[in-house]
Amino acid sequence: MESSNKSLREVFHQTLQDLMLDDALMEDLDRVYMPMANMIRMGFNTGERTRIIGVNGAQGAGKTTFGRLLQVVLEKSFGMKVVQLSIDDIYLSRSARERLAQEVHPLLATRGVPGTHDVKLGEDTLDALCEAGAKDVTLIPRFNKATDDPFPRTEWDSFVGRPDVVIFDGWFMGAVEQKETDLLQPVNALEREEDPYCVWRRYVNSQLKDNYKSLFNRLDLLVMLKVPSFDKVYEWRALQEEKLRIKTQGQKNLRVMSEEEVKRFISHYERLTRHILAEMPSRADMLFKVSEDHRICI
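This section reports on the structure supplied with the text. The model shown is predicted, which means the values in this text are computed figures rather than measured ones. (Residues numbered from 1 in each chain as written. Predicted model: local features only at pLDDT ≥ 70, side-chain atom pairs only at ≥ 80, totals over all residues. Heavy atoms only, no water.)

1. Comments concerning the sheet that holds strand β1 (residues 51–57)
The strand order β2-β7-β1-β8-β9-β10 describes an open sheet built from six strands, whose pairing is mixed. Looking along the sheet, the strands with just one partner apiece sit at the ends: β2 (82–86) and β10 (296–297). Across five bridges, the pairing between β1 and strand β8 (residues 221–226) is parallel. Note that in β8 the partner of Gly57 across the bridge is Leu225. The strands touched by helix α3 (residues 63–78) within the sheet are β1, β2, β7 (165–170), β8, β9 (286–290) and β10, with β7 carrying the most contacts at an inclination of about 170°. (Pairing = 2+ DSSP bridges. Helix = DSSP H or I, 4+ residues; strand = E, 2+ residues; numbered from the N terminus. Contact = heavy atoms within 4.5 Å. Axes fitted to C-alpha atoms, helices over the stretch in contact; angles between N-to-C directions.)

2. Section: unusual backbone geometry
Positive phi values are uncommon outside glycine, yet Asp148 reaches one of about 65°. The residue Asp148 is located in the loop between β4 (143–144) and β5 (149–150) in this model. Note on Asp148: relative accessible area 8%, which makes it buried. The backbone phi angle of Cys198 is positive, close to 65°, even though this residue is not glycine. (Buried < 20%, exposed > 50% of the residue type's maximum accessible area, 1.4 Å probe, protein only.)

3. Observations concerning the nonpolar core
In this structure, Phe66 and Phe172 are the most contacted members of the largest nonpolar core, which totals 69 residues. If sequence neighbours within four positions are ignored, Phe172 has contacts with Asn56, Ile87, Gly112, Pro114, His117, Leu208, Tyr212, Phe216, Leu272 and Ile276. Core analysis: the next-biggest nonpolar cluster, separate from the first, contains 10 residues, Leu190, Trp200, Tyr203 and Val204 among them. (Core = buried A, V, L, I, M, F, W, Y, C linked by side-chain atoms within 4.5 Å.)

4. Section: empty space enclosed by the protein
For the coordinates displayed, the defined rule picks out two cavities of 30 Å³ or more. Forming the boundary of the largest cavity are 13 residues, of which Gln178, Arg201, Val204, Arg271 and Leu272 lie nearest the centre. Elements with a minimum of two residues in the lining of the largest cavity: α7 (199–210) and α11 (270–279). The element that contributes the greatest number of residues to the lining of the largest cavity is α7, accounting for five residues. Of the residues belonging to the lining of the largest cavity, the class tally is seven nonpolar, three polar and three charged. Estimates place the volume of the second largest cavity at around 40 Å³. As for the second largest cavity, its lining consists of Asn56, Gly57, Ala58, Trp171, Met224, Leu225, Thr273, Ile276 and Leu277. Elements with a minimum of two residues in the lining of the second largest cavity: β1, β8 and α11. For the lining of the second largest cavity, the element with the highest residue contribution is α11, accounting for three residues. (1 Å grid on protein atoms, 1.4 Å probe; cavity = no way out; pocket = protein on both sides within 12 Å on 5 of 7 lines; lining within 4 Å. Points joined across faces, edges and corners; volume = space filled by probe spheres on them. Nonpolar A, V, L, I, M, F, W, Y, C, P; charged D, E, K, R; others polar.)

In structure tokens form, the structure reads like this:
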């Protein structure tokens, strides 16, 4: 058991380094991730069927990191087979979003909001994983944010067999639509100046109400990483972009955003993020607060 525990700590530490995270997060292994993983093992009979855990968190909240570290513990400590998927991995291509921009509203050219994803791809991927036989191979979609387009299918990940757990994260994972009357008042300059007739807002809201419901209904557990406020989202998103800039340094045809571009980009997310922060905490199955210094509080 001691050697197994040591191995887990080594892998957990290496994962922190790979993700360019502070070594201080090692204490979260025993404080956050082991209890969470044990709860999943005890609470779900994963031998019976695949369980899908949705992780919600605003831009920069650390949801993908949370999912990756949880995956490490589930695999290394409990021998589970785990797939990590992000709603960001099923974005529509840039050309598909440009068509939406022409046909519905120009703001839909920017990836992020409901309506800019291939929802059927997400449903098909989850269903294929849940129904897979021991030797079946499922391709896991991957999106290249640096080029703002999906990776070619030849570069997607693959998973053999049926996983015990799928960790599915997204900034609006499990979100519900707003009331129609709540859409009328703009929340920022982007909405006021570029969506004065509420066309974009209504489209996004209708997509969330209709097309994403069946995707989110596949969740067995909804975990929310609640950020202190929307004001922290820009700061943390800018940090993400800086990490992407470092990671992809020297590569061609990249679309890493500047500070001004990040500010505009985040404006697309403000309305729904504020709605989620107000509405979701009371109904999430598990709620973790994210502190000002980006640490998970329990």
